[in-house]
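Take a look at the letters that make up each chain.
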Amino acid sequence: MKKSLIFKFTIDSIARKKLRFFGEVFILFVCFFMLTVGVFMKEQSKYYRKSLENVLRYGIENTGILNIKYESGDVVRFFNEAYDSPYISSIGVFSIGGTDILPELSAIQQEYLQGLQGQNLMDNYIEMYYISPTLLNLCNLKLTDGEIVTDTEDKGEYWSGLYLGSAFKDIPVGTVYTYQVGDETAVYEVLGILEEGTAWISRSAMGTGYEGTTRGSDVLDYYVILVSNTAYDYSGMFSVNESSSFDEAREYLYETAEKYNIELNIGSLATEVEQSERASSNMQRLFFRIFFLMSITAVICIISFQIVSVISRTKEYGILYATGAGISDITGITVIEILLKLIIAIIASMGVSIRFIPYFFSEGDGSDEIIKQLLFENVYPTVFAVGFILTVTAVLVPLIYINRLSPVKLLTGEGYGE
């Protein structure tokens, strides 16, 4: 029997029971969509941890979080003393902000931001990372030119150092920008150019409740790091020397903070990440449970409906058999019908998920690309593999039933039919 005739017979079968057909497709769509979201959240958690490990110089286990009470004591001297201790490899605060006093740098970043779905800062503003010089060793900062400067005590209150992303590579190291602040002249000195792809830990890693975050780091190609002797924020981080334990470093920091009349809380980044993963895991289990229940429902419905369809159409199969069609042709009709249901459901779930997931999980600059990469490289292959298993499961019982029908029953339709 020609394959075109088998396909036409299948389409005719679908047309006569289209409500049931699309009802099963909808059940399968919900099933695959829940699976897609659940697998994505699992891959997202893995990617978040990996992105942190890639950027942190001493890893998640040796990195801590600082929350300093507002208007505490001499924060800068506290950082400097801690940095010089045998326990701490980096310590300080960082924040993200903007300024309009560096228009030469702003022009380069503005052009980039305008290409990101029309994003734009105010005129002459440049978005930058304010980082304590003693915190620079927290991440793997690599330079194509210049050097990392962590000792800036002799630079004065109105001096700031700049590390420029790779997009600013045409600006020579040593370039100085000045800005008048009352009777004082503020100096902004370019200390280095970052290698392309150099990243810094994202702001989300400094606090709880960031489950659902994809990126643990931000690429700095179009951004600027500003370092100075002034603490710009009261939330910061630190990393522990390899020769010390995290508990030893924490105890030392509490003792030193008391010396400078500083009130602070110290947390572990590893603990924060684990809490985030547990929260994400709870949501994953919910989606996987819905998927499991829906997949069982879908398979039972498909098997039941296909068996009923085979029973009710035995006479039709008998006519096909009498005109030269083999059992393989008859089973092919069932296989094609089930495959069409699964293919339509999978494609529909992909189409919805590729819009739904970036909408709810996007974090702006660059995250949409990462989300789509995770979907196509990790999530959708898993969904297709599960779809194949469901296809085999759903097809198996009807095929066994059809293959057990004798030629006499097919030709006479004895005991079957309408």
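Preceding this paragraph is the structure being described.
Everything in this summary refers to the structure shown in the same document. Because the structure is a prediction, the values reported are computed rather than measured. (Residues numbered from 1 in each chain as written. Predicted model: local features only at pLDDT ≥ 70, side-chain atom pairs only at ≥ 80, totals over all residues. Heavy atoms only, no water.)

## Observations regarding the overall build of the protein chain
Then comes step 1: Across its full length, the protein chain carries 10 helices and 12 strands.
Then comes step 2: Counting every position in the protein chain, which comprises 418 residues, the buried fraction comes to 49%.
Then comes step 3: Considering only contacts in the protein chain between residues 6 or more positions apart, those separated by 24 or more positions represent 82%.
Then comes step 4: When the accessible surface of the protein chain is totalled, it reaches about 20300 Å², and 55% of it is carbon and sulfur. (Helix = DSSP H or I, 4+ residues; strand = E, 2+ residues; numbered from the N terminus. Buried < 20%, exposed > 50% of the residue type's maximum accessible area, 1.4 Å probe, protein only. Contact = heavy atoms within 4.5 Å. Areas by Shrake-Rupley, 256 points an atom, 1.4 Å probe, with all protein chains shown as cover.)

## A short note on a negative patch on the surface
Then comes step 1: Together, Asp84, Asp151, Glu153 and Asp154 give the surface a local cluster of negative charge.
Then comes step 2: Position of Asp84 among the secondary structure elements: in the loop between helix 3 (75-83) and strand 2 (88-99).
Then comes step 3: When its relative accessible area of 60% is taken as the criterion, Asp84 is described as exposed. (Patch = residues over 30% accessible without salt bridge, like charges linked within 9 Å, V, L, I, M, F, W, Y side chains within 5 Å. Salt bridge = Lys/Arg side-chain N within 4 Å of Asp/Glu carboxyl O. Lys, Arg positive; Asp, Glu negative; His and termini not counted. Charge placed at Lys NZ, Arg CZ, Asp CG, Glu CD.)

## What about helix 3?
Note: α-helices contain 3.6 residues per turn, so residues at a spacing of three or four share the same orientation.
Then comes step 1: Val75, Phe78, Phe79, Asn80, Ala82 and Tyr83 are the residues of helix 3 that are buried.
Then comes step 2: Looking at the buried side of helix 3, the elements it contacts are strand 1 (63-68), strand 2, helix 5 (246-259) and strand 12 (264-268).

## Quick word on the environment of Lys142
Then comes step 1: Mapped onto the fold, Lys142 is located in the loop between strand 3 (126-131) and strand 4 (143-146).
Then comes step 2: Taking the C-alpha atoms as reference, Lys142 lies 8.5 Å from Ile193; in sequence the two are 51 residues apart.
Then comes step 3: For Lys142, the residues in contact, after removing those within four places along its chain, are Ile193, Leu194, Glu195 and Thr198.

## So, helix 5
Then comes step 1: When the terminal C-alpha atoms of helix 5 are compared, their 20 Å separation across 14 residues agrees well with the 20 Å that a helix rising 1.5 Å per residue should span.
Then comes step 2: Buried within helix 5 we find Phe246, Ala249, Tyr252, Leu253, Thr256 and Ala257. Each buried residue of helix 5 lies within a common arc of 135° when the element is viewed along its axis, so the set occupies one face. Away from its buried face by more than 90 degrees, helix 5 exposes Asp247 and Glu258. (Expected span 1.5 Å × (residues − 1). Arc of directions from axis to C-beta.)

## Side note on the packing of aromatic side chains
Then comes step 1: This model, assessed by the stated rule, comprises 10 aromatic pairs.
Then comes step 2: Geometrically, the ring pair formed by Phe94 and Trp200 is edge-to-face, given 6.0 Å between the ring centres and 85° between the ring planes. A residue pair is termed long-range when its members are at least 10 positions apart, and Phe94 in strand 2 and Trp200 in strand 8 (residues 199-201) qualify at 106 residues. Judged on exposure class, the residue Phe94 and its partner Trp200 are both buried.
Then comes step 3: A ring pair is formed by Tyr129 and Tyr223, whose centres lie 6.1 Å apart and whose planes are at 90°; its orientation type is edge-to-face. In this pair, Tyr129 is assigned in strand 3 and Tyr223 in the loop between strand 9 (217-219) and strand 10 (224-228), connecting sequence segments 94 residues apart. By the burial criterion, Tyr129 is buried, and Tyr223 matches it. (Phe/Tyr/Trp six-rings, centres within 6.5 Å; stacked < 30°, edge-to-face > 60°.)

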